[in-house]
Amino acid sequence: MNEFYKNKKILVTGHTGFKGSWVIKILENFGADVVGYALAPNTTPNLYDLLNPDSKSYLKDIRDYPTLLSAFEKEKPEMVFHLAAQPLVRDSYDDPLYTYSTNVIGTANVLEAIRKTNTVKSAVIVTTDKVYRAGEDKLFSEDDPLGGHDPYSTSKVCAELVTKSYNLSFFEKNSRHVASARAGNVIGGGDWSKDRLLPNIVKSVLEEKEPLVLRYPTAVRPWQHVLDPLFGYLALGQKLYDDHSLASPWNFAPEPENFITVQEITEKSIKVFGKGSYSIQKQDKHETAVLKLDASKAKKLLGWKPLLGISEALDWTLGWYLDYYNGNDAKSLTDKQIDKYLEMLKNA
């Protein structure tokens, strides 16, 4: 992977977000020539500014197609990782039109820019585990029916359908290899987004800013450390580069024993920190009760597997925050965890 990505020209949308910041740091460490395209970070602090990456950055809106196409034409990327999105379920209830325009039209804009840019060989379109037609306690595989309840989930279903349409209509004919990637609830150091469980725990316990309130304590999610799905995306992008047969949806998920409730992961976090408390507040906005993904396809065809169980994922995540709030440099903390993961990957 290190050899493959060295000197590759790669465009990452959403590079200023939590996952995007980790992606460009990994790619920079590999020696890739990275270009980012996203809105400016919307939290203080944020991982992107703390990492202060060397990559060229377009702080632009993914919905602005002419500007996006101009960036593609100028930069001539060989690969694209599309992570830009409105990523929050609760925000989608408050502003559904922004959610749809960003997640659906924004994705269509990226795909059209890929279609118009003949240097692009492969692209990974990141969606979510919430694209499945939920309602039963089962492992969802890539062939299961899509569905959704809230605007966020349905916007990502639309993004999947647009991706499939572009594959069938255009990319089979012009050597672009494009796949979608569905991952579960991602945790890791450097996330200060609102309405996410681990950042809320950190704000409550370490910053002592606000009481911790659980909205859906019994909700089951496929929790995973950010490096597990990101290295899945990178493995997929690498394999796609020369193999159009892989241009399809992919699940990246932890092992089944890591599917635990919101309340369980909260109590584990409080135990690691040695302090903290929470209350439960009933909500009237619908969220899926159980989400579990089957990652057998990625294991079999990509050789990918999750390396961090829930205990390790929490240790790495909470350890990152503890070290950061004790005055350690975020960039060195992130590099240290990437290096440690790469060593585990080699041994695996």
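All of the points below concern the structure found in this document. (Residues numbered from 1 in each chain as written. Predicted model: local features only at pLDDT ≥ 70, side-chain atom pairs only at ≥ 80, totals over all residues. Heavy atoms only, no water.)

1. Comments concerning the overall build of the protein
- Counting its secondary structure elements, the protein contains 13 helices and 13 strands.
- Relative to the globule expectation of 20 Å for 348 residues, the C-alpha radius of gyration of the protein, 19 Å, shows essentially globular dimensions.
- Projected onto its principal axes, the C-alpha positions of the protein cover 55 × 40 × 40 Å.
- Counting every position in the protein, which comprises 348 residues, the buried fraction comes to 58%.
- Long-range pairs, those at least 24 residues apart, make up 80% of the contacts in the protein with a sequence separation of at least 6.
- Considering the protein, the positive charge centre built from 43 side chains and the negative charge centre built from 45 side chains are found 3 Å apart. (Helix = DSSP H or I, 4+ residues; strand = E, 2+ residues; numbered from the N terminus. Rg over C-alpha atoms; globule rule 2.2 N^0.38 Å. Buried < 20%, exposed > 50% of the residue type's maximum accessible area, 1.4 Å probe, protein only. Contact = heavy atoms within 4.5 Å. Lys, Arg positive; Asp, Glu negative; His and termini not counted. Charge placed at Lys NZ, Arg CZ, Asp CG, Glu CD.)

2. Points about the nonpolar core
- One finds Tyr5, Val12, Leu27, Phe81, Leu227, Tyr233 and Phe252 to be the most contacted residues of the largest nonpolar core, which totals 78 residues.
- If one sorts the elements of this core by residue count, helix H12 (residues 310–325) sits on top with eight residues.
- Residues contacting Val12, with those up to four places away along its chain left out, are Val23, Ile24, Leu27, Val34, Val35, Gly36, Tyr37, Phe81 and Leu83. (Core = buried A, V, L, I, M, F, W, Y, C linked by side-chain atoms within 4.5 Å.)

3. Section: the side chain of Ser269
- With respect to the element layout, Ser269 can be found in helix H10 (residues 262–273).
- Of the residues examined, Ser269 reaches a relative accessible area of 0% and is grouped as buried.
- Those residues within four positions of Ser269 in sequence are excluded, and the remaining contacts are Leu198, Ile201, Leu314 and Leu318.

4. Description of the packing of aromatic side chains
- For the structure shown, the criterion picks out 17 aromatic pairs.
- Pairing Phe4 with Tyr5 gives two aromatic rings, centres 4.9 Å apart and planes at 90°, and the pair type is edge-to-face.
- One aromatic cluster is present, built from ring pairs that chain together Phe4, Tyr5, Phe30, Phe231, Tyr241 and Tyr341.
- Across from the ring centre of Tyr241, 5.1 Å away, lies the NZ or CZ of Lys8, which sits over that ring.
- Against the face of Tyr241 rests Lys121, its NZ or CZ located 5.6 Å from the ring centre. (Phe/Tyr/Trp six-rings, centres within 6.5 Å; stacked < 30°, edge-to-face > 60°. Lys NZ or Arg CZ within 6 Å of the ring centre and 35° of its normal.)

5. Description of the pairing of strand E5 (residues 122–126)
- The buried count for E5 comes to five of five residues, which makes it a mostly enclosed element.
- The two faces of E5 match: Ser122, Val124 and Val126 on one face and Ala123 and Ile125 on the other face are all buried.
- Note: strand E4 (residues 79–82) against E5, four bridges, orientation parallel. Among the inter-strand pairings, Phe81 is bridged to a residue of E5, identified as Val124.
- Direction of pairing for E5 relative to strand E6 (residues 177–183): parallel, over a ladder of five bridges. Along E6, the bridge assignment pairs Ser122 with His177. (Pairing = 2+ DSSP bridges.)

6. Some remarks on H10
- For H10, spanning 12 residues, the distance from its first C-alpha to its last is 17 Å, which sits close to the expected 16 Å at 1.5 Å a residue.
- By the burial criterion, the buried members of H10 are Val262, Ile265, Thr266, Ser269, Ile270 and Phe273. Down the axis of H10, the sector holding all buried residues measures 140°, keeping them to one side.
- Tucked into the core, H10 has its buried residues touching helix H8 (197–205), strand E8 (212–214), strand E12 (259–261), strand E13 (278–280) and H12.
- Just downstream of H10, Gly274 is the residue with a positive phi angle, here 80°. (Expected span 1.5 Å × (residues − 1). Arc of directions from axis to C-beta.)

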